[in-house]
Each structure stands twice: as C-alpha cells, then as structure tokens.
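Here's the letter readout for the chains.
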Amino acid sequence: MLSRGNTAPMFFRLLSKFPQGFSFCFAYGSGVKQQLGYESVRSKRNMIDLIYVVDNAHRWHTANLDQNFEHYSSMRLLGGGLIAKYQESFGARVYFNTLVQIPEEDVIIKYGVVSTKDLLEDLSDWRCLYLAGRLHKPVEIIRNASSSKIQNAMEQNLRSAVHAALLLLPEKFTEFELYRAISNLSYSGDFRMIFGENKDKVNNIVRPQLENFRNLYSATFEEFRGCLELPIAGSDNQICTQDLAEPTILAHLNGLPKWPIRLIVERQTSGRYRQDTEDILIGVSRATNYQSIVASCLRSIVWSSSVWQSIKNIPTAGIVKSVRYSWAKALKTFS
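Definitions and cut-offs
- Residues numbered from 1 in each chain as written.
- Predicted model: local features only at pLDDT ≥ 70, side-chain atom pairs only at ≥ 80, totals over all residues.
- Heavy atoms only, no water.
- Helix = DSSP H or I, 4+ residues; strand = E, 2+ residues; numbered from the N terminus.
- Buried < 20%, exposed > 50% of the residue type's maximum accessible area, 1.4 Å probe, protein only.
- Contact = heavy atoms within 4.5 Å.
- Pairing = 2+ DSSP bridges.
- Axes fitted to C-alpha atoms, helices over the stretch in contact; angles between N-to-C directions.
- 1 Å grid on protein atoms, 1.4 Å probe; cavity = no way out; pocket = protein on both sides within 12 Å on 5 of 7 lines; lining within 4 Å.
- Points joined across faces, edges and corners; volume = space filled by probe spheres on them.
- Nonpolar A, V, L, I, M, F, W, Y, C, P; charged D, E, K, R; others polar.
- Expected span 1.5 Å × (residues − 1).
- Bend = angle between axes of the 7 residues up to and from the residue.
- Core = buried A, V, L, I, M, F, W, Y, C linked by side-chain atoms within 4.5 Å.
- Salt bridge = Lys/Arg side-chain N within 4 Å of Asp/Glu carboxyl O.
- Parallel < 35°, antiparallel > 145°, perpendicular 65-115°, else oblique.

### A short note on the overall build of the chain
In terms of helices and strands, the chain carries 14 helices and eight strands. Every one of the 335 residues in the chain was classed for burial, and the buried ones make up 53%. Once local pairs closer than 6 in sequence are excluded, the contacts in the chain between residues at least 24 apart make up 71%.

Rendered as structure tokens:
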C-alpha cells in the first residue's frame, strides 16, 4: 500500500503542473489505496483519481485552460467562465477531466474540480453524498485543508457516517460489517453499481484497509462510546454491540445531515400537512421499519447525484474518452 512517504514527491510534482490556489486536495481509488481484485496501487493500469478543491472555479479553470488546454474536451471552447458555471450547476458540482496522461510521471490521472462552498455543502448536508461519500473512506491527502471550515466539515461528515451506518445495522455486527456499512452509504443506490462496477467493490475496498479505517474513525468512535461497544482491535470478526433503545435511535436520526432528514420528513408526511420535524423523527425511531426508511432516503440521494453526474461527465470527457473509460471499467469488472 502506498505510504505518504513514497508518494508525496510524485503528488507534489503533479500539483505543480496545475494552477495553484487549492484549498484542499486528495487522491482516492485503486490508484492510491489497495483494493482486492486490482493490481498493485503503483500499477500503470490503475488510473490515479484526484480531487482539486478551489475557492474560485472561474479563475482556476481560466488559468488551467492557459496551462493545460489539452486536458479538456471540446468544452474548452466555452472558456473558463462557462466551464465553471457548468461545474457548479448540476450533478455533484464536480467537473472531471479524465484519462489525462502525465508522461513525466508515467501515470494517467483523472481529476475533478469542485468549489470549496460546494464541498462544504456536501460534507455538511449530504445534498449529493458524492465527495462526502469518498471522504467516508481512507484517502490520500495531498494538500491539507487551508481552513478550519473544511476540516470541521470533514470531521462532521465522519460523525454523520457513523450515525447513518448504526441506523442500518442490527444490534450485533462485526467490525468489518461496520466499515462496510459506512463505505456502502455512497454506493447503495449508485446506478453505476448496476453495470460498470464490480459488485464486490465495497468488500474489496474495506477488506485490505481495515487498519486505515480504524485510524480514520478512532477519534470519531470516542464520541459514540455511550451507545457503541467496539472490541479491542485485533480481529475484524469480533463482535460489536450497539444500543437500539428508542432514544438512541432518535439521537442517530437527529445526527443525520440536512438532506436525509428532509427526505425522511417529506416521505413520512407525503406533503399532506405540516408537522414538527422532531415529532416525525420520534415516530420513525419507534417504527419497526426505521432501517428501511433511512436506507431508502439515502439511496434516493445517491441515485439522483450519480445519474446526473454521469450524464454531466459525458461532454466533459468527450465521446472518445467516455467510451475508453467505460470500456476500461467493464474490463476490470469482468476480468
């Protein structure tokens, strides 16, 4: 597995090829974190996925067009202003350039650009549960967050993930099942899981990275000690136990971000009349099917953002790259 020590120089060199002013950068996926069924993370076949967070998308794309014009599809003809508007208007508010060859490093990268305000909204509210979902899992931090707002939102995102996962899990479960439930939050409902993605993707992410998950969530779990009993680290098959009393379930529901709560409320009232949100959540906490209610709302968020982001990615990649990227995904899925 890649360690920060042997990858940092390459990532720093990669960042130097782009306009600066990043507020946060990270890499994710099989190109930087080991997944079962994939070759070594340093294999040339594994594309490196990067996210660049910028304060001003218009300014950044304009500068990047001057510096890396060839990275863009025919969308480049629109100029930085319209590209930024396209980025921020729909889908998960991310603009991807894919299959970009960096011959000096002998790597192929895909990089997504997102505005700081949109990342903060997804981390805090789960409007798209897109980048928030990627940050539920271990990633490679390339440029530390430039503000406490981003760092605080990332920590809140981890707390929200634990609240959601515990709502979906039974009273007893293994440590592996806990991390799988967390990782699956942003995959359950993703239409790409129907085709184009390995059906065992979540298991393949979690199994080789248990220690990384432990490190990522150790501080967060301290806040759940009153309702979650974790085994001493050692075996991923040891049993974890959670409190399923109604007050605890209600606390988890209240710990969900804005958009899941909004969907739960809308679906429970069917828009017929106004009712206090807390009263509705109390009713859900007492329902025998509260797990399916929460799961359905989360799937709805992921389904919508994944469909629209995938449609959005077609013109940003261009037809040729879209076909190549989809074909490469299919080969990995069925190989």
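### Digging into the sheet that holds strand β2 (residues 48–54)
Taken in spatial order, the five strands of this open sheet run β3-β4-β2-β1-β5, and their pairing is mixed. The open sheet has two free edges, formed respectively by β3 (94–102) and β5 (140–143), since each of these has just one partner strand. Geometrically, the sheet is characterised by an average inter-axis angle of 25 degrees between neighbouring strands, direction not taken into account. Where β2 meets strand β4 (residues 107–115), seven bridges bridge the pair, whose relative direction is parallel. Note on β4: the bridge partner recorded for Asp49 is Lys110.

### A look at the layout of surface pockets
Of the voids in this model, the second largest pocket is the one considered here, and its volume is about 380 Å³. Along the wall of the second largest pocket there are 17 residues; nearest its centre are Leu135, Met154, Leu158, Asn215 and Leu216. Listing elements by their share of the lining of the second largest pocket, those giving two or more residues are α6 (148–168) and α9 (210–222). When grouped by side-chain class, the residues that make up the lining of the second largest pocket number eight nonpolar, four polar and five charged.

### As for the pairing of strand β8 (residues 239–242)
In the sheet, strand β6 (residues 172–174) pairs with β8 via three bridges, with the strands oriented antiparallel. Its bridge partner lying in β8, Lys172 is registered against Thr241. One ladder, built from two bridges, connects strand β7 (residues 228–229) with β8; its direction is antiparallel. Note on β8: the bridge partner recorded for Leu228 is Gln242.

### Description of α9
The end-to-end C-alpha distance of α9, which contains 13 residues, comes to 18 Å, matching closely the 18 Å that a straight helix rising 1.5 Å per residue would cover. If you look at α9, its biggest bend is around 40 degrees, right at Leu216. Listed as buried for α9 are Leu210, Phe213, Arg214, Tyr217, Thr220 and Phe221. Tucked into the core, α9 has its buried residues touching α6, α7 (175–184), α8 (201–206) and β7.

### Some thoughts on the pairing of β2
When you tally the buried positions in β2, you get seven out of seven residues, the bulk of the element. Every second residue of β2 is oriented toward a common face, with Ile48, Leu50, Tyr52 and Val54 on one face and Asp49, Ile51 and Val53 on the other, all of them buried. As defined by bridge partners, strand β1 (residues 22–28) adjoins β2 across six bridges and the pair is classed as antiparallel. Counterpart to Phe26 in the pairing with β2 is Ile51.

### Considerations on the sheet that holds β6
Spatially, three strands are ordered β6-β8-β7 in an open sheet, and the strand pairing comes out antiparallel. At either margin of the open sheet sits one strand with a lone partner, and together these are β6 and β7. The strands touched by α7 are β6 and β8; relative to β6, the strand with the most contacts, the crossing angle is about 90 degrees.

### Quick look at the nonpolar core
Judged by nonpolar contacts, the single largest core of 70 residues is most densely connected at Phe24, Ile51, Leu119, Tyr217, Leu253 and Ile264. Setting aside residues up to four positions removed in sequence, Phe24 forms contacts with Ile51, Tyr52, Val53, Leu119, Leu135, Ile141, Arg143, Asn144, Ala145, Ile150 and Met154.

### Let's talk about the pattern of salt bridges
Side-chain pairs of opposite charge can arise where the charged atoms are in close proximity. Here the structure, examined in full by the defined rule, presents 13 salt bridges. With its nearest N and O atoms 3.4 Å apart, the salt bridge here joins Asp118 to Lys117. Across the pair Glu246 and Arg286 runs a salt bridge whose closest N-O atoms are separated by 3.6 Å. Of this pair, Glu246 sits in helix α10 (residues 246–254) while Arg286 sits in helix α12 (residues 277–286), and the two are 40 residues apart along the sequence. The network of salt bridges with shared partners includes Arg93, Lys117, Asp118, Glu121 and Arg127.

### Regarding the packing of α6 against α9
For the pair α6 and α9, interaxial distance at closest approach is 10 Å and the crossing angle is 75 degrees. If you check the angle between α6 and α9, you find them roughly perpendicular. Listed contacts from α9 to Leu158, Arg159, Ala161 and Val162 of α6 are Leu216, Tyr217, Thr220 and Phe221. The residue makeup of the contact of α6 with α9, split by class, is six nonpolar, one polar and one charged.

### A short note on the side chain of Thr248
When you line up the elements, Thr248 lands in helix α10. On the accessibility criterion, Thr248 (12% relative accessible area) is buried. Aside from chain neighbours lying at most four places away, what touches Thr248 is Cys227 and Asp243.

### Remarks on the environment of Leu129
In this fold, Leu129 is placed in the loop between α4 (116–125) and α5 (131–134). In this structure, the C-alpha to C-alpha distance between Leu129 and Asn157, residues 28 residues apart in sequence, is 9.9 Å. Apart from residues lying up to four places away in sequence, Leu129 is in contact with Asp122, His136, Leu185, Ser186, Leu298, Ile301 and Val302.

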